Amino acid sequence: MTGNQLNNRLNLNAQSARYRKTGDWYHPLVSFPAILFDQNGYVRFETEFEYSTHPQIQFGQDIHINGGIQTFPSYTEFTTEENIIVDLLRKDYESALRVLREYSTYRRNQSLVLQVKEIFNNSCALCETTIQISENKYYSEVHHIKPLYENGPDDMDNMICVCPNCHVKLDLKLIRIDIPIQYNPNNHFINQDFIDYHNNNVA
Ligand SMILES: [Zn+2]
């Protein structure tokens, strides 16, 4: 994971960005606004002046910060939403999944979830798997194509019915969603913008 990747995925619009887990040394920043990241957050410098006169930075061939950037008054911790993206970028998949499942459970309209499952007859839109758990009872899950934590809407055109296997792969952005969706029995309308968003962020 690099500072530039973080800067891009978190939409922070810096001209240069550096990442170091410990936050205590970096290669110098070259263009501004600029950002230094550590594993839990970041500091932002709007101007070169703000950076080059910062009392907590020791300048040399590299820059050093005693105690790390987390000691800066301007240090900003990642939000819950940002943390999910950061965990995915650093491939901490277990943490990313745990947080994002908890995050979306309380933010989704459960009646829409049930409607989507019904539209798809509980079959996975990607692999067509159906999991029967008893007579006339099926298990399925619903995926938000553009995730809620990335400001995806909790709307039907952003939702597909999936099996647990495909759901994990989608959440971890390990697989693309290719059109046409393999299984869409009632021609459920899916917004192509959300599919493009997903595919652009596949690892
Ligand atoms: Zn599947």
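Calculation notes
- Residues numbered from 1 in each chain as written.
- Predicted model: local features only at pLDDT ≥ 70, side-chain atom pairs only at ≥ 80, totals over all residues.
- Helix = DSSP H or I, 4+ residues; strand = E, 2+ residues; numbered from the N terminus.
- Rg over C-alpha atoms; globule rule 2.2 N^0.38 Å.
- Buried ≥ 20, exposed ≤ 12 C-beta atoms within 10 Å, placed from the backbone.
- Contact = placed C-beta atoms within 7 Å.
- Domains from an automatic or database assignment.
- Core = buried A, V, L, I, M, F, W, Y, C linked by C-beta atoms within 7 Å.
- Pairing = 2+ DSSP bridges.

*Asks:* Describe in detail the overall build of the chain, supporting the description with residues and values.
*Replies:* Tallying secondary structure elements over the chain gives 7 helices and 11 strands in all. Its C-alpha atoms give the chain a radius of gyration of 21 Å, more than 25% over the compact-globule value 17 Å for 203 residues. With respect to the three principal axes, the spread of C-alpha positions in the chain is 70 × 30 × 25 Å. Each of the 203 residues in the chain was classed as buried or not, and the buried ones make up 30%. A separation threshold of at least 6 residues defines the contact pool for the chain, and within that pool the share at least 24 residues apart is 53%.

*Asks:* How would you sum up the domain arrangement of the chain? Please name residues and give values.
*Replies:* For the chain, the assigned domains are domain 1 (3-78) and domain 2 (105-200). Computed over C-alpha atoms, the centres of domain 1 and domain 2 are 38 Å apart.

*Asks:* Before we move on, can you summarise the nonpolar core with the specific residues and values?
*Replies:* One recurring pattern in soluble globular proteins: nonpolar side chains tend to sit buried together. Core analysis: the largest hydrophobic core is formed by 25 residues, its most contacted members being Leu 6, Ala 17, Ala 34, Ile 35, Leu 36 and Phe 37. In this structure Ala 34 touches Ala 14, Gln 15, Ser 16, Ala 17, Leu 29, Phe 45 and Tyr 51, once residues within four positions along its chain are discounted.

*Asks:* So what's going on with unusual backbone geometry? Residues and values would help.
*Replies:* Following Phe 32, the chain continues into Pro 33 via a peptide bond in cis, with omega recorded as 0°. On the secondary structure map, Pro 33 appears in the loop between strand S2 (25-26) and strand S3 (34-37). Backbone geometry at Asn 122 places phi at a positive 65°, although glycine is not the residue there. Of note, Asn 122 is situated in the loop between helix H5 (110-119) and strand S8 (131-134). With 20 C-beta atoms counted inside 10 Å, the residue Asn 122 sits in the buried group. Although it is not a glycine, Lys 173 adopts a positive phi angle of roughly 55°. Counting through the fold element by element, Lys 173 comes out in the loop between helix H6 (164-171) and helix H7 (192-200). Using a count of 18 C-beta atoms within 10 Å as the deciding quantity, one classes Lys 173 as partly exposed.

*Asks:* Tell me about the sheet that holds strand S4 (residues 41-45), residues and numbers included.
*Replies:* For sheets, the rule is that strands pair by backbone hydrogen bonds, running either parallel or antiparallel. If you trace the 4 strands from one edge of the open sheet to the other, you get S1-S3-S4-S7, paired in mixed fashion. Each having just a single partner strand, strand S1 (16-19) and strand S7 (76-77) make up the two edges of the open sheet. Bridge analysis of S4 against S7 gives 2 bridges, and the strand direction is antiparallel. Bridging across to S7, Gly 41 finds its partner in Glu 77.

*Asks:* Let's hear about the pairing of S4: which residues, and what values?
*Replies:* Sheet analysis places S3 next to S4, joined by 4 bridges and oriented antiparallel. Bridging from a neighbouring strand, Leu 36 pairs with Val 43 of S4. Hairpin connection between S3 and S4: a loop of 3 residues separates the two successive antiparallel strands.

*Asks:* Go over the environment of Cys 166 with me, naming the residues and quoting the values.
*Replies:* Within the element layout of this structure, Cys 166 appears in helix H6. Counting along the chain gives 37 residues from Cys 166 to Thr 129, while the straight-line C-alpha distance between them is 9.6 Å. Ignoring anything within four residues of it in the chain, the contact list for Cys 166 reads Cys 124, Leu 126 and Cys 127.

*Asks:* Now, about the environment of Phe 120: what can you tell me, with residues and values included?
*Replies:* Of note, Phe 120 is situated in the loop between H5 and S8. When the 24 C-beta atoms within 10 Å are taken as the criterion, Phe 120 is described as buried. Sequence separation between Phe 120 and His 64 is 56 residues; the distance between their C-alpha atoms is 56 Å. Not counting the four nearest positions on each side in its chain, Phe 120 is found in contact with Ala 125, Cys 161, Tyr 183 and Pro 185.

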